[in-house]
Amino acid sequence: MQTVVLAAGKGTRMRPLTDRRPKPMVPVANRPLVAHTVDAAVEAGASWIFLVVGYEAEPIREYFGETYAGVPITYVRQTERLGTADAVRAASASLDDAPFVVLNGDALFDQDGLDELFDGGPAIASVRVDDPTQYGVLDVDDDTVTGIVEKPADPPSNLINAGAYHFPAAAREWLDVPKSERGEHELTDVVEHTIDRVDVRPVPLSRWLDVGRPWELLEANEWKIAELADRNGSSTDNTSAESFDGTVSDDATIRGPVVVESGATVREGVAIEGPALIRSGATVGPNAYIRGTTLVGQDASVGHAVEVKNSVLMAGAAVNHLSYVGDSILGRDVNFGAGSVVANLRHDDDPVELTVKGERVSTGRRKFGVVLGDDAKTGIDTNLNAGVTLSTGATTKPGESVTRDR
Ligand code: TTP
């Protein structure tokens, strides 16, 4: 099945983490976000991948190359970000006269659901949610989709559009849709044409995550680190060092599923409660505590008397002395000065808010810490309040209490 993967977005809601990388390349467990989508597509039967790229395309090309997992990759450049239908239109000239699948490159799908989408005829993947009013909602009659409504006040069902479609060959002719109210050429309008002409199945997904905002990156890592560690992790309370690919001190305590990649080092006195992934080149300890679902990225370091809980440390991030990092995302090469501490809970117990495109938005999480852009550096003894974002390269002075974004 020829498969179009949309990866030309700017990821503006994920800033500052997308200042220097396209959103499809943000790390989720041991791979970039979009690699999870492409891997699932290959597993489901993708025979050729058409990656639509735009913003910061080079790292995507470098990662996948000309063939990936035995499947040829064609890169299609979307020159302007004019919408998802425009992105597929850019790819359509390269497609054969045959059915094709389209996947949003910034979503995680469960494998069984994706398998079902690829099999059989035209289909649209959907997820059941409690409150569908902020999504595209499917109108379904028996086993056929009869309509799709954007953000309805009175939703026809609680099945929402999950951004994965199986189109008939003829849909290549239906991609020229006019701009919507929000000024984009939308793929959902192409779906409307399709359901007017052929039967389209709703394919229910049991698990799905749209990764648009920083806390969703945390959720994506929670999902995929747990999956990876359950599959490949070593779990032992007497820390037999041989069960890890990396170097683990006999004097470290590992509980729950933990992956220590080859080239990573876990030193004496460290306690890790999985699921956790310690990537190659990373060092942990001596005397550090890692818990929750945590990613310690390539060449990152977690040093003496540091606690890291449920967080993502991107490549090269360093938290070396006497610090606490909870429910947070630290960008590439972030440096935490000694004694820097993150707050991840409000005294009123309300969900922590974060700035997304200039507006404070609820993360929906009682526990959420901070987001630090690449190369941000805190001075010693910095306190970072819950829901603070530091932009790429930002610094704090020694002893500062940071309660506002900078
Ligand atoms: P969005 O999540 O709507 O856009 P985005 O990823 O750029 O994020 P943000 O809104 O934060 O800026 O896009 C959904 C998917 O479609 C995503 O995988 C990116 C892709 N896309 C394109 O490839 N081309 C486009 O013109 C648009 C609008 C999206």
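As the structure is a prediction and not an experimental result, all values here were calculated from the model.

Cut-offs and rules
Residues numbered from 1 in each chain as written. Predicted model: local features only at pLDDT ≥ 70, side-chain atom pairs only at ≥ 80, totals over all residues. Heavy atoms only, no water. Helix = DSSP H or I, 4+ residues; strand = E, 2+ residues; numbered from the N terminus. Contact = heavy atoms within 4.5 Å. UniProt positions renumbered as here; feature names shortened; annotations may be inferred. Pairing = 2+ DSSP bridges. Phe/Tyr/Trp six-rings, centres within 6.5 Å; stacked < 30°, edge-to-face > 60°. Buried < 20%, exposed > 50% of the residue type's maximum accessible area, 1.4 Å probe, protein only. Axes fitted to C-alpha atoms, helices over the stretch in contact; angles between N-to-C directions. Parallel < 35°, antiparallel > 145°, perpendicular 65-115°, else oblique. Left-handed = near helix turned anticlockwise from the far one by under 90°. Near = heavy atom within 4 Å. Polar contact = N/O pair within 3.5 Å; in protein donor to acceptor, adjacent residues only side chain to side chain. Areas by Shrake-Rupley, 256 points an atom, 1.4 Å probe, with all protein chains shown as cover. Nonpolar A, V, L, I, M, F, W, Y, C, P; charged D, E, K, R; others polar.

### A few points about the environment of G292
- Take G292: it is sitting in the loop between β22 (289-291) and β23 (294-296).
- Remark: the alpha-carbon pair of G292 and G274, spanning 18 residues in sequence, is separated by 6.7 Å.
- The residues touching G292, leaving out its near neighbours within four places in the chain, are E273, G274, P275 and N310.

### Regarding the UniProt feature "domain: Mannose-1-phosphate guanyltransferase C-terminal" (unreviewed entry) in the chain
- As recorded in UniProt, the sites labelled "domain: Mannose-1-phosphate guanyltransferase C-terminal" (unreviewed entry) are residues 272-364.
- Taken end to end, residues 272-364 is 0% helix and 46% strand, and its first and last C-alpha atoms sit 27 Å apart.

### With respect to the side chain of T188
- Along the chain, the position of T188 falls in helix α5 (residues 187-197).
- Once you skip the residues sitting within four places of it in the chain, T188 turns out to touch I148, E150 and N161.

### Considering the sheet that holds strand β27 (residues 318-321)
- Strand order in the open sheet formed by 7 strands is β15-β18-β21-β24-β27-β30-β35, with parallel pairing between adjacent strands. Looking along the sheet, the strands with just one partner apiece sit at the ends: β15 (247-248) and β35 (377-378).
- Pairing of β27 with strand β30 (residues 335-336), which is carried by 2 bridges, proceeds in the parallel orientation. Note that in β30 the partner of V319 across the bridge is F336.

### Here's the deal with the packing of aromatic side chains
- With the rule as written, the count across this model stands at 6 aromatic pairs.
- Note on W48 and F50: the rings are 6.1 Å apart at their centroids and 20 degrees apart in plane angle, and the pair reads as stacked.
- For F50, a relative accessible area of 4% gives the class buried.
- Between Y165 and F167, the ring centres sit 5.7 Å apart and the planes meet at 20 degrees, which makes this aromatic pair stacked. The burial state of Y165 is the same as that of F167; both residues are buried.

### Structural notes on the packing of helix α1 (residues 33-44) against helix α4 (residues 111-118)
- The interhelical angle for the contact between α1 and α4, taken along N-to-C directions, is 55 degrees, at an axis separation of 9 Å. When the axis of α1 is compared with that of α4, the two are oblique. Along this stretch, α1 crosses α4, giving a crossing that reads as right-handed. Within the contact between the two elements, α1 uses A40, A41, E43 and A44 and α4 uses Q111, L114, D115 and F118.

### Concerning the pairing of strand β7 (residues 100-104)
- Counting buried positions along β7 yields 4 of 5 residues, so the element is predominantly enclosed.
- Where strand β1 (residues 2-7) lies against β7, 5 bridges are found, and the strand directions are parallel. For Q2, the partnering residue across the bridge sits in β7 and is F100.
- One ladder, built from 4 bridges, connects β7 with strand β12 (residues 159-167); its direction is antiparallel. Looking at the pairing, F100 lines up with F167 of β12.

### A short note on the site of the ligand
- Looking at the ligand, there are 19 residues lining it, with K10, T12, R13, Q78 and R81 nearest.
- At a separation of 2.7 Å, an oxygen atom of the ligand approaches a polar backbone atom of K10.
- Its free accessible area being 580 Å², the ligand has 90% of it covered by the protein chains.
- When its residues are assigned to classes, the shell around the ligand shows 5 nonpolar, 8 polar and 6 charged.

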